[in-house]
Amino acid sequence: MKKLILALDVYDRKRALEIAECTAEYLWAIKVNWPLIIGSGLGIITELKQVTGLPIIADLKLADIPNTNRLIASKVFEAGADYVIAHGFVGKDSVKAVMELGNTIIVVEMSHPGAREFIQPATDKLIELANKLEPFGVIAPATRPERVSYIRSKLKPGLKILTPGVGAQGGKVREVLKAGADYIIVGRSIYASENPRESARRIFEEIKEVV
Ligand code: NUP
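The protein chain is annotated in an unreviewed UniProt entry as Orotidine 5'-phosphate decarboxylase of Thermococcus thioreducens. Looking at the Function (unreviewed entry) heading of the UniProt record, one finds this comment for the protein chain: "Catalyzes the decarboxylation of orotidine 5'-monophosphate (OMP) to uridine 5'-monophosphate (UMP)." In its Pathway (unreviewed entry) section, UniProt records this for the protein chain: "Pyrimidine metabolism; UMP biosynthesis via de novo pathway; UMP from orotate: step 2/2."

*Asks:* Teacher, can you tell me more about the UniProt feature "active site" (unreviewed entry) in the protein chain here?
*Replies:* When the UniProt feature table is mapped onto this chain, "active site" (unreviewed entry) is found at Asp59, Lys61 and Asp64. Residues that both appear in the annotated list above and line the largest pocket are Asp59 and Lys61. Among the secondary structure elements, Asp59 is positioned in strand β3 (residues 56-62). By relative accessible area, Asp59 is classed as buried at 5%. Setting aside residues up to four positions removed in sequence, Asp59 forms contacts with Lys31, Val32, Asn33, Trp34 and Ile85. A polar contact is formed between the side chain of Asp59 and the side chain of Lys31, at a distance of 2.6 Å. Position of Lys61 among the secondary structure elements: in strand β3. Residue Lys61 is classed as partly exposed on the basis of its relative accessible area, which comes to 26%. For Lys61, the contacting residues outside a window of four places in its chain are Asn33, Ile85, Ala86, His87, Val107 and Met110. Only 3.0 Å separates the side chain of Lys61 from the side chain of Asp59, close enough to count as a polar contact.

Reading the values: the criteria
Numbering of residues begins from 1 in every chain and follows the order in which that chain's sequence is written. Local features are withheld for residues below a pLDDT of 70 in this predicted model, meaning they are given only at 70 or higher, and side-chain atom pairs are given and counted only at 80 or more; totals for whole chains, interfaces and linings count all residues. Working from all heavy atoms in the structure, the side-chain values ignore hydrogens and water. UniProt positions are given in the numbering used here, feature names are shortened, and annotations may be inferred rather than shown by experiment. A 1.4 Å probe that fits but cannot get out identifies a cavity on a 1 Å grid over protein atoms alone, an open set with protein on both sides within 12 Å along at least five of seven lines counts as a pocket, and a residue lines either if it has an atom within 4 Å of a point. Strands here mean DSSP runs of E at least two residues long; helices mean DSSP runs of H or I at least four residues long; both are numbered from the N terminus. The buried label applies to any residue whose accessible area, calculated with a 1.4 Å probe on protein chains only, is under 20% of its type's maximum; exposed applies above 50%, and partly exposed to all values in between. In this description, contact between two residues means that some pair of their heavy atoms is separated by no more than 4.5 Å. Here a polar contact means two N or O atoms within 3.5 Å. Within protein one must be a hydrogen donor candidate and the other an acceptor candidate, and residues neighboring in sequence count only if both atoms are side-chain atoms.

Listed below in structure tokens is the structure:
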């Protein structure tokens, strides 16, 4: 089963399409974030879908009032996104506004060191929110496998755990899968490497060894 998600954080449309095409074979999905949307426009979501046939995750980390979240998410789903990532800390109503429009992924803990300041203290409540609303899944930090295990232990079975932070941020495929991650999100270690296809293949093989 495919578990690798490419975080395609480049600006350039042509470069994005090239990397997506040559790595698609090893991916479950492609995640687009603000850098690519700002650099290439929202139409890149439609194009990536057409070129690869893969699910597209729009990592906008929506964190606004319900109406604004709805206005943004409806355009993004319309462009072809299959999943939208939203912050949970803004509250149930804001997350629900996104969930009413399509598949949603809620951030329950982030991967960078600063996540310890404000997000980690709220993780238990964010897990509760996810258990109540039952989105497709949650974002948890590959940089802290012990936190992924903790989140897995509290999260309703069936809700997926997607983990960024492997590679450039120091997370390890093996550790994070053993901790209970369902999907591994990798950006720089693939798109900024000399041979993105080969880098994706290597991570794909590493995943296969563990699962
Ligand atoms: O907690 C998070 N950490 C994180 O790195 C939540 C995220 N959505 N991300 C995103 O995952 C980040 O914005 C980037 O798009 C990707 C990780 O990229 P890299 O560190 O593998 O290059």
